[in-house]
Number of protein chains: 4
Amino acid sequence: MANSRYEYVKGFELDDRILPNIWVVVRIDGKGFHKFAKAHDFEKPNDVNALNLMNHAAVTVMEEFRDIVLSYGQSDEYSFIFRREADVYKRRAAKILSYVTSLFTSSYVYNWNVWFPNKKLEYAPSFDGRIVLYPTDQNLRDYLSWRQADVHINNLYNTVFWNLVLKGGMTNQQAENELRGTFSADKNEILFSKFGINYNTIDPMFRKGTILLRKRTQIPNLPNVKRQLIIPLYEDMIRDKFWKEHAEILGKYL
Amino acid sequence: MANSRYEYVKGFELDDRILPNIWVVVRIDGKGFHKFAKAHDFEKPNDVNALNLMNHAAVTVMEEFRDIVLSYGQSDEYSFIFRREADVYKRRAAKILSYVTSLFTSSYVYNWNVWFPNKKLEYAPSFDGRIVLYPTDQNLRDYLSWRQADVHINNLYNTVFWNLVLKGGMTNQQAENELRGTFSADKNEILFSKFGINYNTIDPMFRKGTILLRKRTQIPNLPNVKRQLIIPLYEDMIRDKFWKEHAEILGKYL
Amino acid sequence: MANSRYEYVKGFELDDRILPNIWVVVRIDGKGFHKFAKAHDFEKPNDVNALNLMNHAAVTVMEEFRDIVLSYGQSDEYSFIFRREADVYKRRAAKILSYVTSLFTSSYVYNWNVWFPNKKLEYAPSFDGRIVLYPTDQNLRDYLSWRQADVHINNLYNTVFWNLVLKGGMTNQQAENELRGTFSADKNEILFSKFGINYNTIDPMFRKGTILLRKRTQIPNLPNVKRQLIIPLYEDMIRDKFWKEHAEILGKYL
Amino acid sequence: MANSRYEYVKGFELDDRILPNIWVVVRIDGKGFHKFAKAHDFEKPNDVNALNLMNHAAVTVMEEFRDIVLSYGQSDEYSFIFRREADVYKRRAAKILSYVTSLFTSSYVYNWNVWFPNKKLEYAPSFDGRIVLYPTDQNLRDYLSWRQADVHINNLYNTVFWNLVLKGGMTNQQAENELRGTFSADKNEILFSKFGINYNTIDPMFRKGTILLRKRTQIPNLPNVKRQLIIPLYEDMIRDKFWKEHAEILGKYL
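Reference entry: report on the structure contained in this document. (Residues numbered from 1 in each chain as written. Chains lettered and ligands numbered in written order. Predicted model: local features only at pLDDT ≥ 70, side-chain atom pairs only at ≥ 80, totals over all residues. Heavy atoms only, no water.)

1. Topic: the relation of the copies chain A and chain B
Turning to step 1, where the next piece is worked out: For the pair chain A and chain B, the superposition axis carries a translation of 0.0 Å, the fit reaches an RMSD of 0.0 Å, and the rotation angle comes to 180°. Here the symmetry operator amounts to a two-fold rotation axis.
Turning to step 2, where the next piece is worked out: The fraction of interface residues of chain A whose copies in chain B are also interface residues reaches 100%, indicating that both copies meet through the same surface. (Least-squares fit on C-alpha atoms with pLDDT ≥ 70 in both. Contact = heavy atoms within 4.5 Å.)

As structure tokens, then:
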């Protein structure tokens, strides 16, 4: 049986190479994670183990793709920033997108028990992904600022909301009414006056999201041994300070 | 902190809608499954549990995407055929591709223990995917014929090869030399004369791959109850017979 | 001076090959032809010379692109249908689109004097173009039906409108009011009762648009000499009759 | 006759919007201009009228597209640089590409007689075009350097070649042999020693190509009246000097 007669169908696969010299962002999002969080009793407003599991999966992706210079995660989403010159899989868009999404998903399911040793994974969770291209460094920074501002807005809201519900005894509807039309300052005030919480002292992972960078790091207990490791940071990416301290991100070489 | 200042970056997400009225094939492939098979001692030439796990994951995908009319799997690859009119996620290519790949991966890892209850999953496996469009029914049939002819060629070769090695006591190199330049008839003859194996009686899942179709099926032990179920078939898709018997695949409505 | 240092910029040219085995339609439209028609005193509602000039330019395009099996023009637009298997310029979309549009434009300007020997071309007219792909023969027929139904609707309206204005002495506004809410039958009736015009006897080029086909044709005055010529037809493409009489269009070979 | 039944075919027109904030280069090339030049007896190695006609057509394009900040022409090609923020036709690629190519072609044919008042245009010439995107200013500069280095290489060769043929009495083949393996310095030497020509004194339009920029310019004979005009320059774009003197090109605002 000759296969050659049908091989012409390979010709329908079109080239989807990404433009050279441009920031490539792969962002993945949990599918139906509102329901997934409920089914697995995630803590409100933030479940530290669920976030650590996201970070764990993101590290798996970064270990595989050396061209990722920064990853940024919050809630059920993660963004992977490939350096401009990345040549992995000849920059084929579908290949990169599908592989990143698959590897992230696989690591998330595989490592569930590491972070939830006493909780059964009820069903197979999934993520979707997209590729977005940013021509300039400023565009890239604005993208990351957009995602980080999003964390701030959502997390402040959720923190107050769940304190009103869980500690304040309000129904969801009552808490929603209470918060309608409030500004950041109002929400900070509610948190402090009603619950004695200073928002700025909350776990920075909740407030800032998680930034993963590659850094030459001293190996503990091994004097003089340094390795390039992927480390988590919970810093402000909106201001210039971050970009000065980690100048290698926008630099041409790591 | 206003988010609006950065929201312009959303404008960099471009429309990737798939052309209407065309067969959409999503094919996923295992990444490094040669190594993965070795690490998990998959049986040679075919590991029935590994194939069933692939089929299990494919069923998960079909249950989610009602627009998939046929799936076809072999070895570490699976093709999902979306009907021409599919409007899922407004036909956005990246969304469909990433979600299918993610869901398949997730189900594969999640259900590992179902098929390998006594074997530890050593690391997180992954898949990549691609989308290919076929304008005509004939193109689609030729695509599936291409994949199925591929199964035949590979499986016949592998069956003889591993019999020569595992039962015939040859080294891999000796088996390779023995098979160089042989035709199908020669391979069938070796199988029969040396090992008493009639190739055509081998498990059809190995010889034909697995076709998944939706069929109204009588529910066992429930007289008069029929449901649309996803069922596996191991038939020849190259000849017309299959397409006549399952005319709903190319028909406009299931 | 070495050029090689800059040649990397060629790598930014991406592949834009069109999917195989699909109908490729290039449609071009006049830019600002309302103003252009006015500036050149085109006759209302139809200027036969202006239409012939469009047809002339379309023939130039068809002579260059042997893969065009049918062209269809009306008003200031023209559609060129490339056969499914066309391999011209390796199906590169930008190449095909820009060359067709350029050649049409060039021929339009070049041949202006053929059709308007006593009228100066006041300025350089231009066209824009687009490529649209149609997977099935039915889609292609529906595309052409769409364009031809458009001719009918517009031409019937324009014919009555300009008769009301030019012969009936109405202002544009009065004619517009007269026609508001009328159906085809009403318009036919106005034409007949007020101006003695039977719409169906009007020049079919105005009513049906112009179809250009390649046909083996007897050369006048040369008995027994037949050549493949590009000939104009003014037939109904909506009904089946046309497609039966010109079965070669949808056939694989001309 | 309802048109609505067929209107679904509009849904096959896909979005082809260009990524925001990126340099958009439209480059057009003459189709078969070797033959065209021969058919119209263009002077060798450069025909000043033919180049002026190209420039004339390019000015027509720039007058229409205010977003073009620089155009660069040589031989039978022209590049149009749209500023990063250009929003013309909502950045639809096919629209921009086809319209630029059409307008250039139209102006070329329309103005033929301005530059060749005594020469009949023998047939309708045409151009094809492409769009290339460049993410950074450096990429754009390298693109223009690439084209300008190309002019230098070709023009120096052609200048020597045609002097050897036209003044030196060589056949084309002899001139080709004479030049094989020579470097720039050799070619300059041949020009000077054999024909008394100092290459650097040749018309800069031939040596550098034509750059078109928009400049506020004093209107002749109208003291104190300045207008933004499109003016031709024949400068070196490879060195920094040009970009410093015309800083508005890479600046955000004109």
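Having seen it, we continue.
2. A closer look at the relation of the copies chain C and chain D
Turning to step 1, where the next piece is worked out: Here chain C sits on chain D after a turn of 180° about the axis and a move of 0.0 Å along it, with an RMSD of 0.0 Å.
Turning to step 2, where the next piece is worked out: By residue overlap, the copies meet face to face through one surface: 100% of the interface positions of chain C are interface positions in chain D.

3. A look at the pattern of salt bridges
Two side chains with opposite charge may pair up if their charged atoms get near one another.
Turning to step 1, where the next piece is worked out: According to the stated counting rule, one finds 70 salt bridges over all chains in the structure shown.
Turning to step 2, where the next piece is worked out: K95 of chain B is the partner of D128 of chain A in a salt bridge, and the nearest nitrogen-oxygen pair spans 2.9 Å. Of the two residues, D128 of chain A is situated in strand 4 (residues 127–134) and K95 of chain B in helix 3 (residues 93–110); the pairing between them involves two chains. With respect to burial, D128 of chain A and K95 of chain B carry one shared label: buried.
Turning to step 3, where the next piece is worked out: Across the pair R83 of chain D and E85 of chain D runs a salt bridge whose closest N-O atoms are separated by 3.2 Å.
Turning to step 4, where the next piece is worked out: Classification of R83 of chain D by relative accessible area gives partly exposed; the value is 24%.
Turning to step 5, where the next piece is worked out: One salt-bridge network, held together by shared partners, links E13 of chain A together with R27, D29 and R130 of chain B. (Salt bridge = Lys/Arg side-chain N within 4 Å of Asp/Glu carboxyl O. Helix = DSSP H or I, 4+ residues; strand = E, 2+ residues; numbered from the N terminus. Buried < 20%, exposed > 50% of the residue type's maximum accessible area, 1.4 Å probe, protein only.)

4. Here's the deal with the packing of aromatic side chains
Turning to step 1, where the next piece is worked out: Under the defined criterion, the tally for this structure stands at 108 aromatic pairs over all chains.
Turning to step 2, where the next piece is worked out: Taken together, a centroid distance of 5.6 Å and an interplanar angle of 5° make the contact between F42 of chain C and F116 of chain C stacked. Separated by 74 residues along the polypeptide, F42 of chain C in the loop between helix 1 (33–39) and helix 2 (48–64) and F116 of chain C in the loop between helix 4 (112–115) and strand 4 (127–134) bring together distant segments of the chain. By the burial criterion, F42 of chain C is buried, and F116 of chain C matches it.
Turning to step 3, where the next piece is worked out: In this arrangement the basic side chain of R147 of chain B is found over the ring face of W146 of chain B, its NZ or CZ atom lying 4.3 Å from the centre.
Turning to step 4, where the next piece is worked out: Positioned over the ring face of Y99 of chain D is K31 of chain C, at 4.5 Å from the centre of the ring. (Phe/Tyr/Trp six-rings, centres within 6.5 Å; stacked < 30°, edge-to-face > 60°. Lys NZ or Arg CZ within 6 Å of the ring centre and 35° of its normal.)

5. Some words on the interface of chain A and chain B
Turning to step 1, where the next piece is worked out: Each partner contributes residues to the interface: chain A has 51 residues there, and chain B has 52 residues.
Turning to step 2, where the next piece is worked out: In this assembly, chain A packs against chain B so that about 4500 Å² is buried in total across both faces, 61% of it on carbon and sulfur atoms.
Turning to step 3, where the next piece is worked out: For the pair chain A and chain B, the number of links is six salt bridges.
Turning to step 4, where the next piece is worked out: Between the two partners, chain A and chain B, sit 27 residue pairs in polar contact (both at pLDDT 80 or more). (Buried area = accessible area lost by both parts, 1.4 Å probe. Polar contact = N/O pair within 3.5 Å; in protein donor to acceptor, adjacent residues only side chain to side chain.)

6. Regarding the pairing of strand 1 (residues 23–30) of chain A
Residue and element names in this part refer to chain A.
Turning to step 1, where the next piece is worked out: Summarising burial for strand 1: eight of the eight residues are buried, a large majority.
Turning to step 2, where the next piece is worked out: Residues W23, V25, R27 and D29 point to one face of strand 1 and V24, V26, I28 and G30 to the other, with burial holding for every one of them.
Turning to step 3, where the next piece is worked out: Pairing analysis gives eight bridges linking strand 1 to strand 4, with the strands arranged antiparallel. Residue pairing in the sheet places V25 in a bridge with V132 of strand 4.
Turning to step 4, where the next piece is worked out: The pairing of strand 1 with strand 3 (residues 77–82) spans six bridges and is classified as antiparallel. Bridging across to strand 3, I28 finds its partner in Y78. (Pairing = 2+ DSSP bridges.)

7. A word on the side chain of R207 of chain A
All names here are of chain A.
Turning to step 1, where the next piece is worked out: Among the structural elements, R207 can be located in helix 8 (residues 204–208).
Turning to step 2, where the next piece is worked out: Nearest to the buried, unbridged R207 among oppositely charged side chains is D203, at 6.9 Å.
Turning to step 3, where the next piece is worked out: A polar side-chain atom of R207 sits 3.4 Å from the main-chain carbonyl oxygen of Y199. (Lys, Arg positive; Asp, Glu negative; His and termini not counted.)

8. Things to note about the interface of chain C and chain D
Turning to step 1, where the next piece is worked out: Residue-level contacts link 52 residues of chain C with 52 residues of chain D.
Turning to step 2, where the next piece is worked out: A buried area of about 4500 Å², summed over both sides, lies between chain C and chain D, and 61% of it is on carbon and sulfur atoms.
Turning to step 3, where the next piece is worked out: Inspection of the chain C/chain D interface yields six salt bridges.
Turning to step 4, where the next piece is worked out: The interface formed by chain C and chain D holds 28 residue pairs in polar contact (both at pLDDT 80 or more) in total.
Turning to step 5, where the next piece is worked out: Every element with two or more residues in the side of chain C that touches chain D is listed here: helix 3 (93–110), strand 4 and helix 5 (137–166) of chain C.

9. Quick notes on the environment of N21 of chain A
Turning to step 1, where the next piece is worked out: Relative to the elements of secondary structure, N21 of chain A occurs in the segment before strand 1.
Turning to step 2, where the next piece is worked out: With residues up to four places along the chain from it excluded, the contact list for N21 of chain A reads R84 and R91 of chain A, F12 of chain C together with P135, T136 and N139 of chain D.
Turning to step 3, where the next piece is worked out: Of note is the side chain of N21 of chain A, whose polar atom sits 2.6 Å from the side chain of N139 of chain D.

10. Re the sheet that holds strand 5 (residues 210–218) of chain B
Where strands meet in a sheet, backbone hydrogen bonds hold them as pairs that are either parallel or antiparallel.
All names here are of chain B.
Turning to step 1, where the next piece is worked out: Taken in spatial order, the six strands line up as 4-1-3-2-5-6 in an open sheet, and their pairing is antiparallel. Taken across any chain shown, the strands that pair with only one partner, and hence form the sheet edges, are strand 4 (127–134) and strand 6 (226–233). On average, each strand axis in the sheet is tilted by 25° relative to the strand beside it, whichever way the strands run.
Turning to step 2, where the next piece is worked out: Bridge count for strand 2 (residues 68–74) against strand 3 (residues 77–82) is six bridges, and the pairing is antiparallel. Bridge pairing in strand 3 links L70 to I81. (Axes fitted to C-alpha atoms, helices over the stretch in contact; angles between N-to-C directions.)

11. Details of the packing of helix 5 (residues 137–166) of chain D against helix 6 (residues 172–179) of chain D
Residues and elements named next belong to chain D.
Turning to step 1, where the next piece is worked out: In the contact formed by helix 5 and helix 6, the axes pass within 9 Å of each other and the chain directions differ by 135°. Looking at the two axes, helix 5 sits oblique to helix 6. Here the hand of the crossing between helix 5 and helix 6 comes out right-handed. Where helix 5 abuts helix 6, its residues Y157, V160, F161, L164 and V165 lie against N172, A175, E176, E178 and L179. (Parallel < 35°, antiparallel > 145°, perpendicular 65-115°, else oblique. Left-handed = near helix turned anticlockwise from the far one by under 90°.)

12. Observations regarding the sheet that holds strand 1 of chain A
Residue and element names in this part refer to chain A.
Turning to step 1, where the next piece is worked out: Read from one edge to the other, the open sheet built from six strands follows the order 4-1-3-2-5-6, with strand pairing classed as antiparallel. Looking at strand neighbours, the two that pair on one side only are strand 4 and strand 6 (226–233), the edges of this open sheet. Going from strand to strand, the sheet's axes swing by 25° on average, the running direction of each strand aside.
Turning to step 2, where the next piece is worked out: Examined bridge by bridge, strand 2 (residues 68–74) and strand 5 (residues 210–218) share four bridges and lie antiparallel to one another. Opposite G73, over in strand 5, you have T210 as the bridge partner.
Turning to step 3, where the next piece is worked out: Those strands touched by helix 3 (residues 93–110) are strand 1, strand 3 and strand 4, and its axis lies near 135° from that of strand 4.

13. A few points about the packing of helix 5 (residues 137–166) of chain B against helix 7 (residues 184–195) of chain B
When two helices pack together, their arrangement is given by the angle between the helix axes and by the axis-to-axis distance.
Residue and element names in this part refer to chain B.
Turning to step 1, where the next piece is worked out: The geometry of helix 5 relative to helix 7 is characterised by a closest axis approach of 10 Å and an angle of 35° between their N-to-C directions. For helix 5 against helix 7, the interelement crossing comes out left-handed. Contact residues: H152, L156, Y157, T159, V160, N163 and L164 in helix 5; S184, K187, N188, I190, L191, K194 and F195 in helix 7.
Turning to step 2, where the next piece is worked out: Residue composition of the contact of helix 5 with helix 7, by class: seven nonpolar, five polar and two charged. (Nonpolar A, V, L, I, M, F, W, Y, C, P; charged D, E, K, R; others polar.)

14. Examining helix 7 of chain B
Residues and elements named next belong to chain B.
Turning to step 1, where the next piece is worked out: Across its twelve residues, helix 7 extends 16 Å between first and last C-alpha, which sits within 8% of the 16 Å expected from 1.5 Å per residue.
Turning to step 2, where the next piece is worked out: For helix 7, the set of buried residues is K187, I190, L191 and F195. End-on view of helix 7: buried residues confined to an arc of 95°, all on one side of the axis. Exposed residues lying more than 90 degrees from the buried face of helix 7 are A185, F192 and S193.
Turning to step 3, where the next piece is worked out: Against helix 5 and helix 6 (172–179) lie the buried residues of helix 7.
Turning to step 4, where the next piece is worked out: A positive backbone phi angle near 65° is found at G196, which sits one or two residues after helix 7. (Expected span 1.5 Å × (residues − 1). Arc of directions from axis to C-beta.)

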